[in-house]
Amino acid sequence: MSRSDVADESVRPAPSVMQHAIRLLVLLDGCGESVVQGDPKGCVAVIRAELRLQALDFWLRNPDYLAGELLTMVEAGALDTAEYLQVVEGLLNNSEPDLHWYPMPRWHHGAYETIDDAFSVLSAYGLAKVTRKGGIKKTARSQFFLTEAGRKAVEDLRTEKVLSWYTDQVELVALVAGADIGSKLKKRQYKQAEYARTKLGTNIAPIHDGVRERLAAVQTMAAGVAGEGAS
């Protein structure tokens, strides 16, 4: 059953603080850049702006938008067609991605949900830390660090039958995001009409059916090309 069959597809039980913390942890591990001299000791990766972290979290918790980005990359020739059409189909049709679908509300800078409580959990266990860069003359910016203990925790997640979904999925998020800064990621997300026209403070609507239609068209085209090659 597609999400369009649900009476109100923007309604979804809110994820727990622990679920949010796990997502942020794997995003730091899978999408963070290496630390440099001057960064806090004992840290191994960092995401240097909350705007980027929020954009990454949006893709992790909205598999249909992630599928749409992967399909765009396939259409552009940036990804292997046969392999990633299967990945896209799995994101749309398999039950597990839907179980991890948690809409985000849209605010002035796009998808946003407070991360303070989730990071408090990570900080309490020594898995991550937040620092502020800037001051009176320059707007302070949060930086989000993964500690050595946090990386070990992610390695442990990979061996868990249920939680390993997060570590697998974040690889696709990293592939889609590349090294783009948060503002560029947000601009890409705003290209989706459903995202852009969502009223402030309400959940961003899914695009499951639209991506499914695009997938069918690309699959048909790919099958035609394969048939021509075989003849």
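Conventions we followed
- Residues numbered from 1 in each chain as written.
- Predicted model: local features only at pLDDT ≥ 70, side-chain atom pairs only at ≥ 80, totals over all residues.
- Heavy atoms only, no water.
- Patch = residues over 30% accessible without salt bridge, like charges linked within 9 Å, V, L, I, M, F, W, Y side chains within 5 Å.
- Areas by Shrake-Rupley, 256 points an atom, 1.4 Å probe, with all protein chains shown as cover.
- Salt bridge = Lys/Arg side-chain N within 4 Å of Asp/Glu carboxyl O.
- Helix = DSSP H or I, 4+ residues; strand = E, 2+ residues; numbered from the N terminus.
- Buried < 20%, exposed > 50% of the residue type's maximum accessible area, 1.4 Å probe, protein only.
- Arc of directions from axis to C-beta.
- Contact = heavy atoms within 4.5 Å.
- Axes fitted to C-alpha atoms, helices over the stretch in contact; angles between N-to-C directions.
- Parallel < 35°, antiparallel > 145°, perpendicular 65-115°, else oblique.
- Left-handed = near helix turned anticlockwise from the far one by under 90°.
- Nonpolar A, V, L, I, M, F, W, Y, C, P; charged D, E, K, R; others polar.
- Core = buried A, V, L, I, M, F, W, Y, C linked by side-chain atoms within 4.5 Å.
- Polar contact = N/O pair within 3.5 Å; in protein donor to acceptor, adjacent residues only side chain to side chain.

Trainee: An account of a nonpolar patch on the surface is requested, with residue identities and associated values reported.
Mentor: Taken together, the side chains of Trp-107, Tyr-112 and Leu-200 present a nonpolar region at the surface, about 280 Å² in accessible area. Residue placement: Leu-200 occurs in the loop between α10 (193-196) and α11 (208-230). Taking relative accessible area as the criterion, Leu-200 reaches 40% and is therefore assigned partly exposed.

Trainee: Talk me through helix α9 (residues 182-190); I want residue IDs and the actual numbers.
Mentor: Three or more residues of α9 are buried, namely Gly-182, Leu-185, Lys-186, Arg-188 and Gln-189. Along the axis of α9, the buried residues cluster in a sector spanning 160 degrees; they form a single face. Turning to α9, the residues buried within the fold contact α2 (50-61), α3 (63-75), β4 (110-111), α8 (164-177) and α10.

Trainee: So, the packing of helix α1 (residues 17-31) against α8: which residues are in play, and what are the values?
Mentor: Between α1 and α8, the least distance of the axes is 9 Å, while the angle of their chain directions is 50 degrees. As the angle between them shows, α1 and α8 are arranged oblique. Relative to α8, the crossing made by α1 is right-handed. Each of Gln-19, Ile-22, Arg-23, Val-26, Leu-27, Gly-30 and Cys-31 in α1 lies in contact with α8, whose residues at this interface are Tyr-166, Thr-167, Val-170, Val-173 and Ala-174. Of the residues belonging to the contact of α1 with α8, the class tally is 8 nonpolar, 3 polar and 1 charged.

Trainee: Which residues make up the nonpolar core, and what values go with them?
Mentor: One finds Trp-59, Leu-70 and Phe-119 to be the most contacted residues of the largest nonpolar core, which totals 57 residues. At 8 residues, the largest contribution of residues to this core is made by α1. Discounting residues that sit within four places of it in the chain, Leu-70 has contacts with Leu-79, Tyr-84, Val-87, Val-88, Leu-91, Leu-172, Leu-175 and Val-176.

Trainee: Just give me the short version of the side chain of Asp-57, but keep the residues and values in it.
Mentor: Relative to the elements of secondary structure, Asp-57 occurs in helix α2. Among the polar contacts made by the side chain of Asp-57, one reaches the side chain of His-20 at a distance of 3.4 Å. Residues contacting Asp-57, with those up to four places away along its chain left out, are His-20, Arg-23, Leu-27 and Met-104.

Trainee: Outline the pattern of salt bridges, listing residues and values.
Mentor: Inspection of the entire model under this criterion finds 11 salt bridges. For Arg-151, the salt bridge is made with Asp-29, and the minimal N-O distance between the two is 2.8 Å. Taken together, the residues Arg-151 in helix α7 (residues 148-157) and Asp-29 in helix α1 connect sequence positions 122 residues apart. Judged by its relative accessible area of 28%, Arg-151 falls in the partly exposed class. The class of Asp-29 is buried, set by a relative accessible area of 14%. Across the pair Asp-156 and Lys-152 runs a salt bridge, and its minimum N-O distance is 2.9 Å. Of the two residues, Asp-156 and Lys-152 both sit in helix α7, 4 residues apart, roughly one turn of that helix.

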